[in-house]
Amino acid sequence: MKFNHKVAIILLVGFILKLGFHVFFPTVIEDDAVGYVHIANSLVSGEGFIDADGKPTIFRGPIYPFFLAGIFLLFGETHILVFILQSLMTCLSGYIIFLIARRIFDEKTALLSLALIVFYLPFTIYEHFIYLDIMLVLYLVVIYYLLSSSAKSLKLTSAVLVGVVTGIASLLKSVLLLLPPLYGIYLLISKGISKKTVTFSILYVVVAYLVVSPWTLRNYLQFHRFIPVNIGLGFVLWPGNDLSADGNWVGLRYPPMWEVVKDQKTQIEVDEVLIEDALRNIKEHPLQIMGLWPKKFRRFWMGKFWGEWNSTEFGELADSKPLLIKSWAFFETLIFLFFLLGVIFYWRRLPIFLLICGYFSVVHVLMLGLYRYRMPLIPLEMMLVAAALLKIYAWIRPKAV
């Protein structure tokens, strides 16, 4: 492959800026990061996959804690190395999108897509947190690359490879567990039932779930329940379908939520009662719950705006820098509008893209729609934004001459 100087410059400048951010921006270990760091240190010390209470946990998937544990084992508990590696993940995600966009569109669209991803400030901010989101971004980009590359040939080796990657990604975040059968259904509908489509679909599903199965077995032996990766459905289903919370994240100590779980003794019991209460709430107020869907869709794709500045998703930043948050939300709204234009212009070229975006949208509208949960889709979204911007520019430019 011919060396591309423009790609190299974008990646190098973007990575240098990210390094500067990591050096000068203060490190904050809170919320989910506390749990990840504790599990990683427990793994390094030989105590196992345990939570802060000293007991085996089933609340988190294994991939990200083991990633941290590997770093801590080799270099000690160094956070900045985690941040640097996560920045490299973003750069790699951008490069893979460059390859995809060049194949689907052209070189200019590919370069603009890469630049939008590498210089997208929220990515740099999240790279500076010990959260799994940036790693999930990379996995989803790789999955899309493999699925789109194999869409015509449907080679069995491709099915095995994407199955392995999807299985690992599911162990990172279980929201991806339903993607293999969904893609199989898509293949059977779009390409028809044939030996090739059936074989590819079955192999993809089987390999993905085989990768997940050792952890599922661990959960069964440890907790005596069939839990493929981790619990947590109740923690997003309940606030996302609670009318008093307005379908928004509120935290376990939110009084109505705490009233539901206060008498439960284990993580599994807490999750189960939250699921049960959320389903009851949906059954009793179906129309009101459906009324939350547009809000959750907007929050997922555009973040919080118009009266939601002080939401827990933005935390103290909303109070200290309200103009920054409002500008951020306005910027995200523009991104979404250009993304929609890109979909309108090029939807025929992007069936797998639309499948993945639609899957994530439906899942989070039914459960909990937060800006952070959309992050894995942002590189794909930026590719469409780049395509739309260049198409609009091509329309305007001749008139300006």
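You'll find the structure just up there.
As the structure is a prediction and not an experimental result, all values here were calculated from the model.

Asker: Honestly, the overall build of the protein chain in this entry has me stumped. Any pointers?
Answerer: The helix and strand inventory of the protein chain stands at 20 helices and zero strands. Seen through its C-alpha atoms, the protein chain measures out along the principal axes to roughly 70 × 55 × 55 Å. Among the 401 residues that make up the protein chain, the fraction classed as buried is 51%. Summarising the internal contacts of the protein chain: among those between residues at least 6 apart in sequence, 74% fall at separations of at least 24. Total accessible area on the protein chain is roughly 19200 Å²; 69% of this is exposed by carbon and sulfur atoms. Put simply, the protein chain has 35 plus and 27 minus side-chain charges, and the middle of one group is 15 Å from the middle of the other.

Asker: What am I meant to see in the side chain of aspartate 271 here?
Answerer: Within the secondary structure, aspartate 271 is located in helix H13 (residues 267-284). No salt bridge is formed by the buried aspartate 271, whose closest oppositely charged neighbour, arginine 225, lies at an N-O distance of 8.6 Å. A distance of 3.4 Å separates a polar atom in the side chain of aspartate 271 from the backbone nitrogen of leucine 233. Residue contacts for aspartate 271: discarding those within four places in its chain leaves Ile231, Gly232, Leu233, Gly234 and Phe235.

Asker: What is the right way to look at the nonpolar core in this model?
Answerer: Buried together is how nonpolar side chains tend to be arranged in soluble globular proteins. Core analysis: the biggest nonpolar cluster contains 115 residues, and Tyr64, Tyr144, Phe353 and Met383 have the highest contact counts within it. If we skip the residues at most four places from it in the chain, tyrosine 64 touches Tyr36, Val82, Gln86, Phe129, Ile130, Tyr131, Leu132, Met135 and Leu172. Counting five residues, the second largest nonpolar core, distinct from the first, contains Ile58, Phe223, Ile227 and Ile231.

Asker: Can you walk me through helix H3 (residues 63-75) in this structure?
Answerer: Think of an α-helix as turning once every 3.6 residues; residues three or four places apart then point the same way. Across its 13 residues, H3 extends 18 Å between first and last C-alpha, which sits within 8% of the 18 Å expected from 1.5 Å per residue. Within the span of H3, buried status applies to Tyr64, Pro65, Phe67, Leu68, Ala69, Ile71 and Phe72. The inward-facing, buried residues of H3 abut helix H2 (32-45), helix H4 (79-104), helix H7 (133-149) and helix H8 (156-172). Backbone geometry just downstream of H3 places glycine 76 in the positive-phi region, at approximately 85°.

Asker: What am I meant to see in helix H10 (residues 195-223) here?
Answerer: In this model H10 runs 40 Å from its N-terminal to its C-terminal C-alpha over 29 residues, within 8% of the 42 Å that 1.5 Å per residue would give. The largest bend in H10 is about 40°, located at serine 213, with the proline proline 214 one to four residues further on. Restricting attention to buried positions, one finds in H10 the residues Thr197, Phe200, Ser201, Tyr204, Val207, Ala208, Val212, Trp215, Thr216, Arg218, Asn219 and Phe223. One or two steps after H10, the chain reaches histidine 224, where phi turns positive at roughly 60°.

Asker: Mind showing me how you'd approach the packing of aromatic side chains here?
Answerer: Centre-to-centre distance and the angle between the planes together describe a pair of aromatic rings. Overall, the coordinates contain 26 aromatic pairs when judged by the stated rule. Note on tyrosine 144 and phenylalanine 353: the rings are 6.2 Å apart at their centroids and 75° apart in plane angle, and the pair reads as edge-to-face. Pair noted here: tyrosine 144 is in helix H7 and phenylalanine 353 is in helix H18 (residues 351-366), with a separation of 209 residues, a long-range link. Accessibility assignment for this pair places tyrosine 144 and phenylalanine 353 in one class, buried. For the pair phenylalanine 300 and tryptophan 301, a centre-to-centre distance of 5.5 Å together with 85° between the ring planes defines the contact as edge-to-face. Grouping residues by exposure puts phenylalanine 300 and tryptophan 301 together as buried. A connected cluster of aromatic rings, assembled from ring pairs, spans Tyr144, Phe297, Phe300, Trp301, Phe336, Phe339 and Phe353.

Asker: Would you take a moment to explain the environment of alanine 245 for this structure?
Answerer: Relative to the helices and strands, alanine 245 resides in the loop between helix H11 (233-240) and helix H12 (255-261). A residue is classified by how much of its surface remains accessible, and alanine 245, at 7% relative accessible area, is buried. What alanine 245 contacts, discounting residues up to four positions off in sequence, is Pro239, Val250 and Tyr254.

Asker: Can you walk me through the packing of helix H1 (residues 5-24) against H4 in this structure?
Answerer: It is the contact of H1 with H4, at a shortest axis distance of 10 Å, that shows an interaxial angle of 155°. As the angle between them shows, H1 and H4 are arranged roughly antiparallel. In the crossing of H1 with H4, the sense of the turn from one axis to the other is right-handed. Residues Val7, Leu11, Phe15, Lys18, Leu19, His22 and Val23 of H1 lie in contact with H4, whose contacting residues are Ile80, Phe83, Ile84, Ser87, Leu88, Thr90, Cys91, Tyr95 and Phe98. Split by residue class, the contact of H1 with H4 holds twelve nonpolar, three polar and one charged.

Asker: What am I meant to see in the pattern of salt bridges here?
Answerer: Note on pairing: side chains with opposite charge can pair once their charged atoms come close. Per the counting criterion, the structure on display carries twelve salt bridges. A salt bridge links aspartate 246 to arginine 299; its shortest N-O distance comes to 3.0 Å. Here aspartate 246, found in the loop between H11 and H12, pairs with arginine 299, found in helix H15 (residues 293-302); they are 53 residues apart in sequence, far enough to count as distant. Close ionic contact of glutamate 284 with arginine 280 constitutes a salt bridge, the shortest N to O distance being 2.9 Å. Placement of both glutamate 284 and arginine 280 in helix H13 is noted, with a separation of four residues, approximately one turn of the helix.

Asker: Is there a simple way to think about a nonpolar patch on the surface in this case?
Answerer: Nonpolar side chains collect at one region of the surface, where Leu287, Met290, Trp293, Val362 and Leu366 lie side by side and expose about 480 Å² of accessible area between them. Within the residue set of the nonpolar patch, elements represented by two or more residues are helix H14 (286-291) and H18. Using a relative accessible area of 67% as the deciding quantity, one classes leucine 287 as exposed.

What counts, and at which threshold
Residues numbered from 1 in each chain as written. Predicted model: local features only at pLDDT ≥ 70, side-chain atom pairs only at ≥ 80, totals over all residues. Heavy atoms only, no water. Helix = DSSP H or I, 4+ residues; strand = E, 2+ residues; numbered from the N terminus. Buried < 20%, exposed > 50% of the residue type's maximum accessible area, 1.4 Å probe, protein only. Contact = heavy atoms within 4.5 Å. Areas by Shrake-Rupley, 256 points an atom, 1.4 Å probe, with all protein chains shown as cover. Lys, Arg positive; Asp, Glu negative; His and termini not counted. Charge placed at Lys NZ, Arg CZ, Asp CG, Glu CD. Salt bridge = Lys/Arg side-chain N within 4 Å of Asp/Glu carboxyl O. Polar contact = N/O pair within 3.5 Å; in protein donor to acceptor, adjacent residues only side chain to side chain. Core = buried A, V, L, I, M, F, W, Y, C linked by side-chain atoms within 4.5 Å. Expected span 1.5 Å × (residues − 1). Bend = angle between axes of the 7 residues up to and from the residue. Phe/Tyr/Trp six-rings, centres within 6.5 Å; stacked < 30°, edge-to-face > 60°. Axes fitted to C-alpha atoms, helices over the stretch in contact; angles between N-to-C directions. Parallel < 35°, antiparallel > 145°, perpendicular 65-115°, else oblique. Left-handed = near helix turned anticlockwise from the far one by under 90°. Nonpolar A, V, L, I, M, F, W, Y, C, P; charged D, E, K, R; others polar. Patch = residues over 30% accessible without salt bridge, like charges linked within 9 Å, V, L, I, M, F, W, Y side chains within 5 Å.

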